[in-house]
Amino acid sequence: MNLLLEGVPRSALILLALFFAALIAAPMVLNDYLIVVLITILYFAYAGQCWNIMMGFAGQLSLGHALYIGLGAYVTAALYVKFGVSPWIGLLPALVIAGAVGAVIGFLAFRFGVSGVYFAILTIAFAEFARIGFDHFPWVGGAAGYFLPVANYTQNDFFNLRGSQTMFYYILLAMTVLAFVLCHLLLRSRAGYYWLAIRESPEAAEALGINIFRYKMYAVVLSAALTSLGGVIFAFFYNNLFPEQVFHISRSIELILGPIIGGIGTLFGPVVGAFLLTGLAEGLREVMLRLGIDLPGVKQVFYGICLLCVVMFLPEGVWPPLKKKLGLDRDTGKKGS
Amino acid sequence: MTTEVVLKIAISGVLTGLVYGLMALGLSVIFGVVRVVNFAHGEMMTIAMYLVIVFFSALGLDPLLMLVPISAVLFALGYLMQRAIINPFINRPEHSQFMLLVAIALIMVNALLLIFGPDSQGITTSYSFDSFDIGGIIIDAGKVYAAIAALIVAVALFAFFRLTLTGKAIRACADNYNGALVVGLDVKRLYALTFGIGAACVGAAGTMLMIVTDVTPAIGPAYTLLAFVIVITGGLGSMPGAIVGGILIGLTEALGGFFFTPSAKTMFSFAILVLVLLFRPQGIMGRKTA
């Protein structure tokens, strides 16, 4: 507990507690539509947090995280549909497979000194590979898609992840909180400090005796494995999987917009980014609906313009300046929050 | 019989590959000089392709005649983008530049969707159904014209960078940013010029590609990826590398699509990309220092 709370300003704790309480109470007051919006937000916050371990902490830009989402989704869905394996058990092989794939990509890239833009494009290449591969993998439906059986659930079957939106909401909330706490602890661990050192200057980190290959590998494997859990929820919430959608590059990009907009390398960045972007998208949808504009593309054009403005005027993302405004950065001596 | 079919497919792959090479050349020039990875590259090409459709349906102009005007339009677009939006990002971290260009790409794709709708559109030229018969091997005339035009543009570009003073100044910026500043070059203007030239390449490639294929607004990201694959295979920043990479990828996709299934063809180019990244990260024609 000491490690968890040490050096966190009191005002931050109070705000965090209020925020958390509001999230817990949310399903009791919100309608179904808003709960789905919140689920989307939490999903992006969770996945963004996982991606942030790799990019924000260790400085390795992955543009192919849809690969791990897709692996998690397909592995658990196939085990459930074909063998009736509960997703809670199925997520273990999913974790292992996604982690192993991450390890292979990381091993190949870091062994051969592939970094920066080249590494980013290598990650895209593997995700695209998986997309086309699953398109031609008839065992899980190929390009025609893979479907989980759905029924009208009157009771939540927690063990098989079949049930109401509210159940998924609370599971995702728990996952997001756990990921947040884990990242908070990681940043204060030896590995966390090593990652930041590698991010800032790989040469200097190596000169100080850090095994940069090993620590970059830890970041990739951890990030890949945790991201696959997001895929498990994705599969069981949406109940249908198409390679063209699950593994598509736009999915990878969508996933990393949150942490970049929120503030890369910060703990709150992915959460703030997810709220802002999903809020923005839904807000635009609502405005278009009210104005009676029903043209494809209008919403996304505005979305793009908003992104452009944020990137141009807030180079560090939204969270760092927001944190200053809220007066939460008194704790300047320590990294974190 | 089968050798003839395979040869036909291979030649048509090489011809399409030359046009791809020209598209990738634009990306390579921009990265080589400005050091920004243009994630909106394919989207810029779809803009050029839709310009072809507009001019073709309004004025009935042949794509080969539109090559220069459309390249000029794209040049202006690229120049303005660099001047107004990208220049302030030159010293920002990679992920920040990436975000900027992703946002631009998003706006481009959806603006096209808004204007032209989601359906695939194409043009039919007077020579669309013509073909050449070379010793029993039948080659589409459109592909031949497109490839020749792409080659001419590429050669003109090489000449520009080798022979003109502006071309040399741009290469100086690429070789040594600070040195270029010290000798009094207007680096910001040269960067804008370079981005414009890269965009013009894409404009020319898009115009030529319209002769052989159709376009949808959503195809942009696929072309961006294709350009990445080609440029990295050939060597990021190497001009001949882009053309060689284009031919190699064009050939691979054509043969892969023929021997396996067309929908799996990009898998082969990604396989080549992965192999190149692992065993020769600087690319086939790239210099070791990259």
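Going by the structure above, here's the rest.
Parameters at a glance
Residues numbered from 1 in each chain as written. Chains lettered and ligands numbered in written order. Predicted model: local features only at pLDDT ≥ 70, side-chain atom pairs only at ≥ 80, totals over all residues. Heavy atoms only, no water. Helix = DSSP H or I, 4+ residues; strand = E, 2+ residues; numbered from the N terminus. Rg over C-alpha atoms; globule rule 2.2 N^0.38 Å. Contact = heavy atoms within 4.5 Å. Areas by Shrake-Rupley, 256 points an atom, 1.4 Å probe, with all protein chains shown as cover. Lys, Arg positive; Asp, Glu negative; His and termini not counted. Charge placed at Lys NZ, Arg CZ, Asp CG, Glu CD. Salt bridge = Lys/Arg side-chain N within 4 Å of Asp/Glu carboxyl O. Buried < 20%, exposed > 50% of the residue type's maximum accessible area, 1.4 Å probe, protein only. Buried area = accessible area lost by both parts, 1.4 Å probe. Polar contact = N/O pair within 3.5 Å; in protein donor to acceptor, adjacent residues only side chain to side chain. Nonpolar A, V, L, I, M, F, W, Y, C, P; charged D, E, K, R; others polar. Phe/Tyr/Trp six-rings, centres within 6.5 Å; stacked < 30°, edge-to-face > 60°. Core = buried A, V, L, I, M, F, W, Y, C linked by side-chain atoms within 4.5 Å. Axes fitted to C-alpha atoms, helices over the stretch in contact; angles between N-to-C directions. Parallel < 35°, antiparallel > 145°, perpendicular 65-115°, else oblique. Pairing = 2+ DSSP bridges. Patch = residues over 30% accessible without salt bridge, like charges linked within 9 Å, V, L, I, M, F, W, Y side chains within 5 Å. Expected span 1.5 Å × (residues − 1).

Counting its secondary structure elements, chain B contains eleven helices and two strands. In chain B, the succession of helices and strands from N to C terminus is α-α-α-α-β-β-α-α-α-α-α-α-α. Relative to a compact globule of 290 residues, whose C-alpha radius of gyration would be 19 Å, chain B shows 19 Å and is just as compact. Summarising its shape, the C-alpha atoms of chain B cover approximately 60 × 45 × 35 Å along the three principal directions. Across chain B, every contact between residues at least 6 apart in sequence was considered, and the portion connecting residues at least 24 apart equals 76%. Working note: accessible area of chain B is about 11,800 Å², and carbon and sulfur atoms make up 69% of it. The averaged location of the 12 negative side-chain charges in chain B is 18 Å from the averaged location of its 14 positive side-chain charges.

The subject of this paragraph is the overall build of chain A. Scanning chain A for helices and strands turns up 15 helices and two strands. Dimensions of chain A along its principal axes, counting C-alpha atoms only, are 55 × 45 × 45 Å. Surface accessibility of chain A: about 14,800 Å² in total, with carbon and sulfur atoms responsible for 67%. Within chain A, one finds 20 positive and 16 negative side-chain charges whose respective centroids are separated by 7 Å.

We now examine the pattern of salt bridges. All names here are of chain A. For the coordinates displayed, the defined rule picks out six salt bridges over all chains. For Arg131, the salt bridge identified is with Glu128, shortest N-O distance 2.7 Å. Of the two residues, Arg131 and Glu128 both sit in helix 6 (residues 117-135), three residues apart, roughly one turn of that helix. For the pair formed by Arg131 and Glu128, the shared burial category is buried. A cluster of three or more residues bridged by salt bridges with shared partners is formed by Glu128, Arg131 and Glu244.

A word on the interface of chain B and chain A. Contacts between the two partners involve 39 residues from chain B and, on the opposite side, 40 residues from chain A. Both sides of the chain B and chain A interface together cover about 3,700 Å² of buried area, and 85% of this is carbon and sulfur. Considering only the side of chain B, the residues that lose the most area to chain A are B:His95, B:Met99 and B:Leu278, jointly responsible for 17% of the buried surface there. Between the two partners, chain B and chain A, sit zero salt bridges. Across the chain B-chain A interface, the total number found is two residue pairs in polar contact (both at pLDDT 80 or more). For the side of chain B that touches chain A, the secondary structure elements donating two or more residues are helix 3 (63-86), helix 4 (94-116), helix 9 (220-234) and helix 11 (265-279) of chain B. Here the element with the most residues in the side of chain B that touches chain A is helix 4 of chain B; it accounts for 15 residues. In the side of chain B that touches chain A, the residues fall into 31 nonpolar, six polar and two charged.

Attention now moves to the packing of aromatic side chains. Residue and element names in this part refer to chain A. Evaluated as defined, the whole model comprises 35 aromatic pairs over all chains. Between Tyr74 and Phe247, the ring centres sit 5.9 Å apart and the planes meet at 10°, which makes this aromatic pair stacked. Taken together, the residues span a long stretch of sequence, with Tyr74 in helix 4 (residues 66-83) and Phe247 in the loop between helix 11 (243-246) and helix 12 (249-262) at a distance of 173 residues. Given the relative accessible area of 3%, Tyr74 is considered buried.

A general trend in soluble globular proteins is that nonpolar side chains are found buried together. A:Leu67, A:Tyr169, A:Trp195, A:Leu241, B:Met23, B:Phe98 and B:Ile104 are the most contacted members of the largest nonpolar core, which has 213 residues in total. For this core, the element with the most residues is helix 3 (residues 32-57) of chain A, which contributes 17 residues. For A:Trp195, the residues in contact, after removing those within four places along its chain, are A:Ile53, A:Phe57, A:Ala58, A:Leu186, A:Tyr215, A:Tyr218, A:Ala219 and A:Leu222.

All right, on to the packing of helix 2 (residues 10-29) of chain A against helix 7 (residues 165-187) of chain A then. Residues and elements named next belong to chain A. It is at 10 Å that the axes of helix 2 and helix 7 come closest, and there the two elements cross at 170°. Taken as axis vectors, helix 2 and helix 7 run roughly antiparallel relative to one another. Between helix 2, through Phe20, Leu23, Ile24, Ala26, Pro27 and Met28, and helix 7, the contact on the second element is made entirely by Thr166, Tyr169, Tyr170, Leu173 and Val177. Residue composition of the contact of helix 2 with helix 7, by class: ten nonpolar, one polar and no charged.

A few words now on the pairing of strand 1 (residues 131-134) of chain B. Residue and element names in this part refer to chain B. Taken together, the four bridges between strand 1 and strand 2 (residues 137-140) define a ladder with antiparallel strand orientation. Within strand 2, the position partnered with Ser131 by the bridge is Asp140. Linking strand 1 to strand 2, which pair antiparallel, is a turn of two residues; within it Gly135 sits at a positive phi near 55°.

Residue and element names in this part refer to chain B. Note that Met210 resides in helix 8 (residues 187-212). Met210 gets classed as buried once you look at its relative accessible area, which sits at 1%. If near-sequence neighbours (up to four positions away) are discounted, Met210 is found in contact with Met49, Val52, Ile53, Gln121, Gly122, Ile123 and Val215.

Before going further, it helps to examine the environment of A:Ala205. Residue and element names in this part refer to chain A. Among the secondary structure elements, Ala205 is positioned in helix 9 (residues 202-207). Relative accessible area serves as the criterion here: at 1%, Ala205 is assigned to the buried category. Remark: the alpha-carbon pair of Ala205 and Ala100, spanning 105 residues in sequence, is separated by 26 Å.

With that out of the way, let us pick up a nonpolar patch on the surface. Judged by side-chain polarity, A:Val287, A:Leu291, A:Ile293, A:Leu295, B:Leu114 and B:Ile115 come together as a nonpolar surface patch covering roughly 550 Å² of accessible area. Listed by contribution, the elements that provide at least two residues to the nonpolar patch are helix 13 (269-291) of chain A together with helix 4 of chain B. Mapped onto the elements of the fold, A:Ile293 is located in the loop between helix 13 and helix 14 (298-313). Note on A:Ile293: relative accessible area 36%, which makes it partly exposed.

Moving on, we get to helix 9 of chain B. Residue and element names in this part refer to chain B. In this model helix 9 runs 21 Å from its N-terminal to its C-terminal C-alpha over 15 residues, within 8% of the 21 Å that 1.5 Å per residue would give. Most of helix 9 is tucked away, with 13 of its 15 residues classed as buried. Directly beyond the C-terminal end of helix 9, a positive phi value near 120° is found at Gly235.

Its 25 residues place the ends of helix 5 (residues 87-111) of chain A 34 Å apart at the C-alpha level, agreeing with the 36 Å of an ideal helix rising 1.5 Å per residue. Contacts made by the buried residues of helix 5 of chain A are with helix 4, helix 6 and helix 10 (212-238) of chain A together with helix 11 of chain B.

Residue and element names in this part refer to chain B. Relative to the helices and strands, Thr46 resides in helix 2 (residues 41-59). Among the residues examined, Thr46 registers a relative accessible area of 0% and is labelled buried. At 2.6 Å, the side chain of Thr46 forms a polar contact with the backbone oxygen of Glu43.

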